[in-house]
Amino acid sequence: MGDQQTVARIKKTAHNMRRNVIEMGYTAGDRGAHFGPALSSIEIVASLFFGVMKHDPKNPTLPERDRFVQSKGHACLSYYGALVEAGYITTEEMYTFKQDGSFLSGHPSRHLSHGIEISSGSLGHGFAVACGMAKAAKVKKENHRVYCLVGDGECNEGLVWEAAMNAAKNGLDNITAIVDRNGVQLAGKTNEIMDIDIEALWRAAGWEVFVLEEGNDAAKVLSALEMMKDSTSGKPHVIIAQTVKGKGISFMEDSLDWHARPMNKDQYDEAVSFLENA
Ligand SMILES: Cc1ncc(C[n+]2csc(CCOP(=O)(O)OP(=O)(O)O)c2C)c(N)n1
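Structural notes, computed from the coordinates. (Residues numbered from 1 in each chain as written. Predicted model: local features only at pLDDT ≥ 70, side-chain atom pairs only at ≥ 80, totals over all residues.)

**With respect to the overall build of the chain**
Quick note on the threshold: Each helix is a run of H or I in the DSSP string that is no shorter than four residues. Each strand is a run of E no shorter than two, and both are numbered from the N terminus. All radius of gyration figures rest on C-alpha atoms, and the globule criterion is 2.2 Å times the number of residues raised to 0.38. Labels follow a simple rule on C-beta atoms placed from the backbone: if 20 or more others lie within 10 Å of a residue's own, it is buried; if 12 or fewer, it is exposed; otherwise it is partly exposed. With C-beta atoms placed from the backbone, a contact is any residue pair whose C-beta atoms sit within 7 Å.
The helix and strand tally for the chain stands at 11 helices and five strands. Scaling as 2.2 N^0.38, a compact globule of 278 residues should have a C-alpha radius of gyration of about 19 Å, and the chain matches this with 17 Å. Along the first, second and third principal axes, the C-alpha atoms of the chain reach 50 × 45 × 40 Å. Buried residues in the chain amount to 48% of all 278 residues. Residue pairs in contact within the chain that sit at least 24 positions apart in sequence constitute 77% of those at least 6 positions apart.

Written out as structure tokens, the structure reads:
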């Protein structure tokens, strides 16, 4: 388990990231934002950027940096929220989310100087690109690692499994995927839309699987990530993290309604008050 100071830093940053999500989502006005998908993934993204990944906001193109790919790109607010906290994006820039001309669009658009590694949002594609990046690192004998956030609904995509099988075949032990298993996707409960055993599928594809029951517990997420980093299985790794969609804002938790939508002033005030009293 990570040291207490690191865990405390991640928890504090996670709190700030939730606030960033609300600020940016409210800034989007009628265009709306994916609140629920971002909030479930906060502890995962925070643990990566503030506990596990090698990266330097002052040198965003550092060749040795670990790569992060947010394959569930619609949840970009957790990613942007972390980039704000790390210093890749200023607070002023944060408030341009979804405004005309802003580099902070509703899905990540590659912008290396701001820490956005690849464009993503078409489900399955980001994960396949992440596997390609891990393969490229192997070919070039580079030691950085690739981390990829995948949705549980996203695991319905055929491309995920083509890329996963190929990664295992190529022994890509330098990639860790984290499945944000929040159980709710765009149009319903994930197990009602496609009742698949994703643990068994990842194992069958040849990956080392770790099931994390508390994916919104920073200490446990950090510990799982470190364990996978130290693994000597020679396989690609996946952490299947049980999370809560909309985590941290009670009226958004486990709610299909808050997958993506605009937020009005009353809802904004209520969300801010939840965070201030958390
Ligand atoms: C290829 C593709 N098909 C459909 C969509 C539309 N879409 C956006 S989010 C989403 C649901 C994703 O669910 P999940 O992966 O569980 O992520 P969550 O929102 O729960 O974080 C869908 C179907 C898309 N972005 N890409």
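**A closer look at the pairing of strand E2 (residues 146–151)**
Cut-off, in case you're wondering: Strand pairing follows a simple DSSP-based rule, namely that at least 2 bridges must link the two strands.
Where burial is concerned, most of E2 is hidden: six out of the six residues are buried. Going residue by residue along E2, you find Val146, Cys148 and Val150 tucked away on one face and Tyr147, Leu149 and Gly151 tucked away on the opposite face as well. Looking at chain direction, strand E1 (residues 67–70) and E2 are connected through four bridges and run parallel. Each bridged residue has a counterpart across the sheet, and for Phe68 the counterpart in E2 is Tyr147.

**Points about the sheet that holds strand E3 (residues 175–181)**
Using the following cut-off: Helix axes use the C-alpha atoms of the stretch in contact, all axes being lines fitted to C-alpha atoms, and the angles between their N-to-C directions lie in the range 0 to 180 degrees.
Spatial ordering of the open sheet is given by E1-E2-E3-E5-E4, a layout of five strands whose pairing is parallel. Every other strand in the sheet has two partners, leaving E1 and strand E4 (208–212) as the edge strands with one partner each. Along the sheet, successive strands turn relative to each other by an average axial angle of 20°, direction set aside. For E3 and strand E5 (residues 237–242), the ladder comprises six bridges, and the chain directions are parallel. Residue pairing for E5: Thr176 is matched across the bridge by His237.

**Points about the site of the ligand**
Put simply, the test is: A molecule or strand has a residue near it when that residue's C-beta atom, placed from backbone coordinates, lies within 6 Å of it. In the scheme used here, Gly and all other residues not listed as nonpolar or charged are polar, with Ala, Val, Leu, Ile, Met, Phe, Trp, Tyr, Cys and Pro taken as nonpolar and Asp, Glu, Lys and Arg as charged.
In the neighbourhood of the ligand, 21 residues make up the surrounding shell, with Pro37, Gly151, Gly153, Glu154 and Gln185 lying closest. Of the residues assigned to the shell around the ligand, the class counts are five nonpolar, 11 polar and five charged.

**Focus: the packing of helix H3 (residues 42–52) against helix H10 (residues 218–230)**
Relative orientation and spacing of two packed helices are given, respectively, by the angle between their axes and the distance between those axes. The condition is simple: Oblique is the label for every angle not falling under 35 degrees (roughly parallel), over 145 degrees (roughly antiparallel), or within 65 to 115 degrees (roughly perpendicular). Note on convention: near helix rotated counterclockwise from far helix by under a right angle means a left-handed crossing. Clockwise means right-handed.
For the pair H3 and H10, the least separation of the axes is 9 Å and the interaxial angle reads 60°. In terms of their interaxial angle, H3 and H10 are classed as oblique. Judged by the sense of rotation from one axis to the other, the crossing of H3 with H10 is right-handed. Along the contact surface, H3 presents Glu43, Ile44, Ala46, Ser47, Leu48, Gly51 and Val52, while H10 presents Ala218, Val221, Leu222, Leu225, Glu226 and Lys229. For the contact of H3 with H10, the residue count by class is eight nonpolar, two polar and three charged.

**Some words on the nonpolar core**
What counts here: A set of buried Ala, Val, Leu, Ile, Met, Phe, Trp, Tyr and Cys residues, joined to one another through C-beta atoms within 7 Å, is what we call a nonpolar core.
Counting 78 residues, the largest nonpolar core has Ala46, Tyr80, Ala130 and Cys148 as its most contacted members. The contact partners of Ala130, leaving out residues within four places of it in the chain, are Val69, Ser71, Val146, Cys148 and Ile175.

**Observations regarding helix H7 (residues 158–169)**
Which entries qualify depends on this criterion: Multiplying 1.5 Å by the residue count of a helix minus one yields the expected span of that helix. Note: the arc covers the axis-to-C-beta directions of the helix.
Its 12 residues give H7 an end-to-end C-alpha distance of 17 Å, which sits within 8% of 16 Å, the value for a rise of 1.5 Å per residue. Among the residues of H7, Val160, Ala163, Ala164, Ala167 and Ala168 are the ones counted as buried. The arc that holds the buried residues of H7, viewed along the axis, is 135°, so those residues lie on one side. Exposed positions of H7 whose direction lies more than 90 degrees from the buried face are Gly158 and Lys169.

**Regarding the environment of Asp66**
Structurally, the position occupied by Asp66 is in the loop between H3 and E1. On the basis of neighbour count, Asp66 is assigned to the buried category, with 21 C-beta atoms found within 10 Å. Residue contacts for Asp66: discarding those within four places in its chain leaves Met53, Lys54, His55, His144, Arg145 and Tyr147.

**Side note on unusual backbone geometry**
Unusually for a residue other than glycine, Lys141 sits at a positive phi of about 55°. Looking at the element boundaries, Lys141 is found in the loop between helix H6 (125–139) and E2.

**Thoughts on the environment of Val84**
Residue placement: Val84 occurs in helix H4 (residues 76–86). Each C-alpha atom of the pair Val84 and Asn20 lies 8.1 Å from the other, and the pair is 64 residues apart in sequence. Beyond its immediate sequence surroundings of up to four residues, Val84 is in contact with Asn20, Ile89, Thr91 and Met94.

**Some thoughts on the packing of helix H1 (residues 4–27) against H10**
Across the interface, H1 lies against H10 with an axial gap of 9 Å and an inter-helix angle of 120°. Relative to H10, H1 is oriented oblique. In terms of crossing hand, the pair formed by H1 and H10 is right-handed. Contact with H1, carried on its side by Thr6, Val7, Ile10, Lys11 and Ala14, involves Ala218, Ala219 and Leu222 of H10 and no other residues of that element. Residues that form the contact of H1 with H10 fall into these classes: six nonpolar, one polar and one charged.

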